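# Observations on chain architecture
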Amino acid sequence: MEYKDYYQILGVERTASADDIKKAYRKLVRQYHPDVSKHKDATEKTKELNEAYEVLGDAEKRAAYDGLGQGRRHGQDFQPPPDWGQQYDFGGGGGGGSAEDIFADLFAHMGRGRGQRAGGMGGRGGGGFQMRGEDIHAAIAIDLRDAYQGATRTISLRAGQQEKTLSVNIPKGVTPGQQLRLAGQGHPGMGGAGAGDLYLEIQFNQDARYRVEGASVYQNVPVAPWEAALGASISVPTPSGAVEVTVPAGSQSGRKLRLKGRGIPSSTPGDLYLILEVVLPPATSERARELYEQMARDLAFNPRERIGA
Amino acid sequence: MQEMTIVSGVLLDDAALTLEELARACGVEQDWVVRRVQAGILGGQPAVQVTSWRFRSGDLLRARSLLRVERDFEANEDVAALVVDLSDEVRRLRARLHALGIE
């Protein structure tokens, strides 16, 4: 695995006080907040800062980290000492899986607030405390089509010291931000206590054709000027298949047509909004130019009336 | 060392979380949740019995975001709520800009 210099990530000296570490972390995490920062890798950077602070912000983990890292450089190949696992009560060393996460895992089971104690001292087998495994939070990205039809997606994650590959059923009707709870798929428990749960946040891949808000779906639909002006019956490909839609006469760009129940099929199905967008045929042919010129001559049309022209 | 399993989950909006489950999923004491529900910062229904409170996906996301801000900046709970609300609004507006082809 690769050694990570958490001090370098937070931009502080190894001798920095707990207070300086906190200050440095806060400043950087504010600067790289994905909602605020214009940096392309803001999300990645935030993750790295959180990982560094998770260790250096906790006295016990920091001490363990300092003990490991004497004289090492960021990115250097690194093996934890063989007695590492016994000392901190997690079996096995690294090996396999993605290098980045393993390094952070070295410290995951120490310090404040890790895991949850389950119902006091355990009875079975006598002695030792029981600790329910920690819940895992992760996100899974799907396409809008998957929300209409349901899907199966494969994800890889680390639970305890094991890399697990799960094939997850994505039920039909999910909306962005919804959480799928997979009981018992979190970190394993200790002393015979149960495993934690896995919470998967549903995220949607960006799709230039659609915008999703809750169970409502918005879709732009290009129409010809004559379809908008005269009204028309047009066929529109929607996430749930092609639909015949009536464009009312006298429509302008931006007009919204609501197709009830054709949004995401949640327990309360969402609606699909078609937003008309009038597109002009190019005036590249002789005939097209004639038609535009004729309109310009024959129609008393002032497109800038609204702005007082 | 790979192990392949096929699993089905429960959508949180079909089977909402109890107070105890929400607290556990966030790694906080139940009291942390109770105080924020009573202050109107987090979902749940302050008027009904605590034991019948139920939380949905949005509540879990929000609780974790609140917790993050409170811990990162030692922010008071109202400030954290304001930050999270503003963040949500920025994301919503960005999505609209994106749909309009502006960003």
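Basis of the calculations
Along each chain, the written sequence defines residue order, and numbers are assigned to residues from 1. Starting at A for chains and at 1 for ligands, labels are handed out in the order in which the entities are written. Reporting in this predicted model follows two pLDDT cut-offs: at least 70 for local features of residues, and 80 or more for side-chain atom pairs to be given and counted; totals over whole chains, interfaces and linings ignore these cut-offs and use all residues. To qualify as a helix, a DSSP run of H or I must reach at least 4 residues; to qualify as a strand, a run of E must reach at least 2; elements of each kind are numbered from the N terminus. Each radius of gyration reported is based on C-alpha atoms, and the globular scaling rule is 2.2 Å times the count of residues to the power 0.38. Exposure criterion: with C-beta atoms placed from backbone coordinates, a residue whose C-beta has 20 or more other C-beta atoms within 10 Å is buried, one with 12 or fewer is exposed, and one in between is partly exposed. Here, residue contact means that the backbone-derived C-beta atoms of the two residues sit within 7 Å. Only Asp, Glu, Lys and Arg are considered charged, only Ala, Val, Leu, Ile, Met, Phe, Trp, Tyr, Cys and Pro nonpolar, and every remaining residue, Gly among them, polar. DSSP calls a pair of strands paired once it identifies at least 2 bridges connecting them. Fitted lines through C-alpha atoms give the axes, limited to the stretch in contact for helices. The angle between two N-to-C directions lies from 0 to 180 degrees. By this rule the span expected of a helix is its residue count minus one, scaled by 1.5 Å. Boundary definitions for the domains trace back to an automatic or database domain assignment. Any set of buried Ala, Val, Leu, Ile, Met, Phe, Trp, Tyr and Cys residues joined through C-beta atoms within 7 Å is what this text calls a nonpolar core. Our angle categories are set so that under 35 degrees counts as roughly parallel, over 145 as roughly antiparallel, 65 to 115 as roughly perpendicular, and the remainder as oblique. Helix crossings are classified by the rotation of the near helix relative to the far one: an anticlockwise turn of less than a right angle makes the crossing left-handed, while a clockwise turn makes it right-handed.

## Quick notes on the overall build of chain B
- Helices and strands together make up the secondary structure of chain B, namely 4 helices and 2 strands.
- Starting at the N terminus and ending at the C terminus, chain B contains elements arranged as β-β-α-α-α-α.
- Taken over C-alpha atoms, the radius of gyration comes to 17 Å for chain B, far larger than the 13 Å a tight globule of 103 residues would show.
- For chain B, the spread of C-alpha atoms along the principal axes amounts to about 45 × 45 × 30 Å.
- Out of the 103 residues in chain B, the part that is buried amounts to 26%.
- Put simply, of all contacts in chain B between residues at least 6 apart along the chain, 43% involve residues at least 24 apart.

## What about the overall build of chain A?
- Of regular secondary structure, chain A possesses 9 helices and 13 strands.
- The buried share of chain A, taken over its 309 residues, is 23%.
- Contacts spanning at least 24 positions in sequence make up 54% of the contacts within chain A whose residues lie at least 6 apart.

## Quick notes on the interface of chain B and chain A
- Opposite the 27 residues of chain B that make contact, chain A presents 29 residues.
- For the side of chain B that touches chain A, the per-class residue count stands at 14 nonpolar, 8 polar and 5 charged.
- Here strand 6 (residues 179-182) of chain A runs beside strand 2 (residues 10-11) of chain B; their pairing, made up of 2 bridges, is antiparallel. Bridged to R181(A) within strand 2 of chain B is V10(B).

## A short note on the sheet that holds strand 13 (residues 272-278) of chain A
All names here are of chain A.
- The strand order across the open sheet formed by 4 strands is 8-9-13-12, and the pairing between neighbours is mixed. Sheet topology places strand 8 (210-213) and strand 12 (256-259) at the edges, where each strand pairs with a single neighbour. Geometrically, the sheet is characterised by an average inter-axis angle of 25° between neighbouring strands, direction not taken into account.
- Here 7 bridges tie strand 9 (residues 216-223) to strand 13, and the two strands are oriented parallel to one another. Paired with Q219 across the strands is L274, a residue of strand 13.

## Some thoughts on the sheet that holds strand 2 of chain B
- If you walk across this open sheet you meet the 4 strands as 3(A)-7(A)-6(A)-2(B), and the pairing is mixed. At either end of the open sheet lies a strand with only one pairing partner, and these are strand 3 (136-142) of chain A together with strand 2 of chain B.
- Here strand 3 of chain A runs beside strand 7 (residues 198-204) of chain A; their pairing, made up of 7 bridges, is parallel. Bridge pairing in strand 7 of chain A places I140(A) opposite I202(A).

## Observations concerning helix 9 (residues 286-298) of chain A
- Taking 1.5 Å as the rise per residue, helix 9 of chain A with 13 residues should run 18 Å; its terminal C-alpha atoms sit 18 Å apart, in good agreement.
- Burial runs low along helix 9 of chain A: only 0 of the 13 residues are buried.

## Some thoughts on the domain arrangement of chain A
Residues and elements named next belong to chain A.
- Domain annotation for chain A reports domain 1 (6-112), domain 2 (136-204) and domain 3 (210-307).
- The gap between the C-alpha centroids of domain 2 and domain 3 is 39 Å.
- Contacts between the two partners involve 9 residues from domain 2, matched on the other side by 10 residues from domain 3.
- The biggest single contributor to the side of domain 2 that touches domain 3 is helix 7 (residues 144-149), with 4 residues.
- Across the side of domain 2 that touches domain 3, the residue classes break down as 5 nonpolar, 2 polar and 2 charged.

## Structural notes on the nonpolar core
- Core analysis: the biggest nonpolar cluster contains 42 residues, and L200(A), L17(B), L22(B), V33(B), L60(B) and A63(B) have the highest contact counts within it.
- Domain assignment of the residues forming this core places at least three in each of domain 2 (136-204) and domain 3 (210-307) of chain A.
- Not counting chain neighbours up to four residues away, the residues in contact with L200(A) comprise A138(A), A139(A), I140(A), V168(A), Q179(A), L180(A), L182(A) and G9(B).

## Observations regarding the packing of helix 3 (residues 57-73) of chain B against helix 4 (residues 77-99) of chain B
All names here are of chain B.
- Two elements in contact, helix 3 and helix 4, have axes separated by 9 Å at closest approach and are oriented at 120°. Between helix 3 and helix 4, the angle falls in the class oblique. Crossing handedness for the pair helix 3 and helix 4: right-handed. On helix 4, the residues touching R62, S65, L66, V69 and E70 of helix 3 are E77, A80, A81, V83 and V84.
- Looking at the contact of helix 3 with helix 4, its residues break down into 6 nonpolar, 1 polar and 3 charged.

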